[in-house]
Amino acid sequence: MGKSRTKRFKRPQFSPTGNCQVEAAAGENGTGDEEDDGPVAEFLEKLQHPSAEVRECACAGLARLVQQRPALPGLARRDAVRRLGPLLLDPSLAVRETAAGALRNLSACGGFEVCDDMVTKDIMTPLVALLKECSAGLDSNEVSSQEKKDQNRNATENIANEAVNVLWNICECSSRAVSIFNKEGCLEIVLKYLSRFSTNVDLAISVAYCLQIVTEDNPDLLKSFSATALHVLESAMVCPASSMEYILLKTLVAGTVWNLKDVIPSRSQAEIINAILKILSEVLEMDAAEVVIQMKEAETQRLKTAAETEDILENANGDDLMEDDEMEEIPRKRKARKKTFISDLLPPTDKELKETIALLTAQQTALEIIVNMCCSEDPSDDEWEELSSSDESDAFLENSFSESGGQLLSPLCLSHEIHTALTNYLIPKKVFEKTAFPNSVAVDICSRHPPWKPLIRKMNTIQCRALVGLQSLVSLLDVDHLGGAPALQTLALHLSQLLFSQPDFAQNADFLEAISSALRALLQTMASKNIPQCMTPDQLMSLCKAGIHSSNIGVRVNVVSILGITGSVLAKEDGTLETLKTIGCFLLEVATKDPCLVVAGEALDALFDVFADGKEAERASIQIKLLSALKEFQPIFKMKIRKEGRGKYSPDQLCVLNNVKMNLRRFVAYQETVEKRLTS
């Protein structure tokens, strides 16, 4: 159905444990509403306790409990948000931190409805007040005594970090929250936090995530960015990459600056674009698998050394106890845990694991920014409902970029500055390198150590993001800038090897959508430049037969489009009759039987392309009785558009479907002339 736009990547919501696996938590703490209401009621009641320590423990308990999806209805029934909100301004700093942690987890795990409900219940009022108090507290600490200053600053920054995460999650889900962010002057507050990146990178990273959310499609906020504000961002972008966390910070800030491009003076555009792509290039240059291997070795060595040191100290303590018979025996303890439990719910604190996650996240973010840079900024993009499975998938899965629908990006004219920077920093080459499967040694290391196991998923996500980035670059850059025809043929071979090296490729929906999107874009480019295609018809049919059974609409759209592209090329060649018949029968079955009109429309469009021209195509159309099949389906297709269209599809999709309907009428008329000529 023509070429549709690829939606820009949205930042995924924060999940305190990486993926809110409620089943695991529910298995430990109960699963039914009746079971969960007990602890919910108990914790909520203790929020009003006169003892700050009891209130703190209750908040920590709720922070764990909200990760169990069955507990959410009970929390809603008992108005947990209204009860937790006032504790953001509790006299006790520890209570403030744990209350913010509970709200952070609730907003991360509860979904769009929960976040919207939090705004309805006025959580933004105490949240903004807390952010302002933390900002003022950081200022007042500058004039305190050194010891008190350090203590208060650490507590204040910890609270601010929790509060910024709540703000980030809610603004991700609620436009009302973003409006409040604009009106309450939150930009100035969070930029003050960001300016402390040299002493608190964790807080700066949280702010950078939040800024990526609130600066996207927010012209009112963009007007608020002063020269001072831009200078804060610039300082963070050029900070030394002394750790993986600073690399992540620089990448996130680069994404924010890209969102601000409309307010950056035109004379500085080229400089800013080069600065952004330089950061992204440096991030993608790093070998993530090698970092995984090195960091795991470093962790193993650190833990071994720590254990040996502890044994020595314990033996020394044991000798001292034996020397003093009258000394009361004191049980020896290992390293004390933090007083609160909220640390269990936050990102990993083990240095090596945290650093590795930061790099992987930075690489994923860099790839997403590259895709966003390649997307049209036309306002209609935001109204375009992609041909995707977005209403069939969980909106909170980190990998759910199926909104893009695997669609081929509309050919655009990239600005000269972006085009030049992309090629100068070798972005196509670096994106291509990230499309490979994760290093098997790194995967094996992660699979054998449970805390590291989630990194396998992150590495797979990077591969999928790279494939989407490849799709965008292939669609937009000139063939010469991609290395010419030989490079495209090599790329086609690489993608086919990736695809068919995995016997169960059809089971991985994210990978299948990403690679089918990349293949679709590549084959379209090769066909338009008359470059011979490397994949055999049998390979393509194998892909299409597997993909057409996917529940992901984007995958199904991609595979029928791939067949349309391939068939239109084969139609102009001799000796392709049987292949064209196979393709025609396949597309006919999809057009008439797929429950989604978007997929059916794409299959019809592919049929038009395949059988529009060529002697072999004409012979094949007669032998598969294409005309009679389309005549029979034509009124059914019209009726489906009339009955299902307005309720299930967007105005843009209906417009495309109506074009297909008109083209179907014309194509039937054309086929009638073909059949008359060949059978007369």
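Residues numbered from 1 in each chain as written. Predicted model: local features only at pLDDT ≥ 70, side-chain atom pairs only at ≥ 80, totals over all residues. Heavy atoms only, no water.

## Regarding the side chain of threonine 361
This is how the line gets drawn: Numbering of helices and strands runs from the N terminus; a helix is a DSSP stretch of H or I covering at least four residues, while a strand is a stretch of E covering at least two. In protein, a polar contact requires one atom able to donate a hydrogen and another able to accept it; more generally it is a pair of N or O atoms within 3.5 Å, and residues adjacent in sequence count only if both atoms are side-chain atoms. We call two residues contacting when some pair of their heavy atoms lies within 4.5 Å.
Tracing the backbone through its elements, the reader meets threonine 361 in helix H17 (residues 351-374). In terms of polar contacts, threonine 361 uses its side chain to reach the side chain of lysine 458, at 3.4 Å. Aside from chain neighbours lying at most four places away, what touches threonine 361 is Tyr209, Leu248 and Lys458.

## Quick look at helix H26 (residues 553-570)
Worth spelling out the cut-off: Take the number of residues in a helix, subtract one, and multiply by 1.5 Å to get its expected span. Categorising residues by exposure relies on relative accessible area from a 1.4 Å probe, with only protein chains included: less than 20% of the type maximum marks a residue as buried, more than 50% marks it as exposed, and the intermediate range marks it as partly exposed.
The first and last C-alpha atoms of H26 sit 26 Å apart over 18 residues, in line with the 26 Å expected at 1.5 Å per residue. With 17 of its 18 residues buried, H26 lies for the most part within the structure. The N-cap residue of H26 is asparagine 552: its side-chain oxygen and the backbone nitrogen of glycine 554 are 2.7 Å apart.

## A few points about the pattern of salt bridges
Side-chain pairs of opposite charge can arise whenever the charged atoms involved come near each other. Where we set the bar: One side-chain nitrogen of Lys or Arg within 4 Å of one carboxyl oxygen of Asp or Glu is enough to make a salt bridge.
Counted according to the given criterion, the structure contains 27 salt bridges. The shortest N-O distance in the salt bridge between lysine 278 and glutamate 282 comes to 2.6 Å. With lysine 278 and glutamate 282 both in helix H15 (residues 266-285) and four residues apart, this pair spans about one turn of that helix. In this structure, glutamate 616 engages arginine 619 in a salt bridge whose closest nitrogen and oxygen atoms are separated by 2.8 Å. Taken together, the positions of glutamate 616 and arginine 619, both in helix H29 (residues 615-623) and three residues apart, correspond to about one turn of that helix. Judged by its relative accessible area of 9%, glutamate 616 is buried.

## Some thoughts on the nonpolar core
Convention followed: The term nonpolar core refers to a set of buried residues drawn from Ala, Val, Leu, Ile, Met, Phe, Trp, Tyr and Cys, joined through side-chain atoms within 4.5 Å.
Counting residues in hydrophobic clusters, the biggest one holds 205 residues, and the most contacted among them are Phe181, Tyr193, Leu249, Leu495 and Leu604. If we skip the residues at most four places from it in the chain, leucine 604 touches Ala591, Leu630, Phe633, Phe637, Val660 and Leu664.

## Describing the confidence of the model for the protein
Selection criterion: The pLDDT value expresses, per residue, how confident the predictor is, ranging between 0 and 100.
Here the protein averages 83 in pLDDT, and 82% of its residues register 70 or above. By mean pLDDT, helix H18 (residues 380-383) is the weakest element of the protein at 36, and helix H14 (residues 244-259) is the strongest at 96. For the stretch residues 326-348, pLDDT sits under 50, and the model shows 35 contacts to residues farther than four places along the chain or on other chains. Confidence over residues 377-412 falls short of pLDDT 50; this stretch has 121 contacts with residues more than four positions distant or in other chains.

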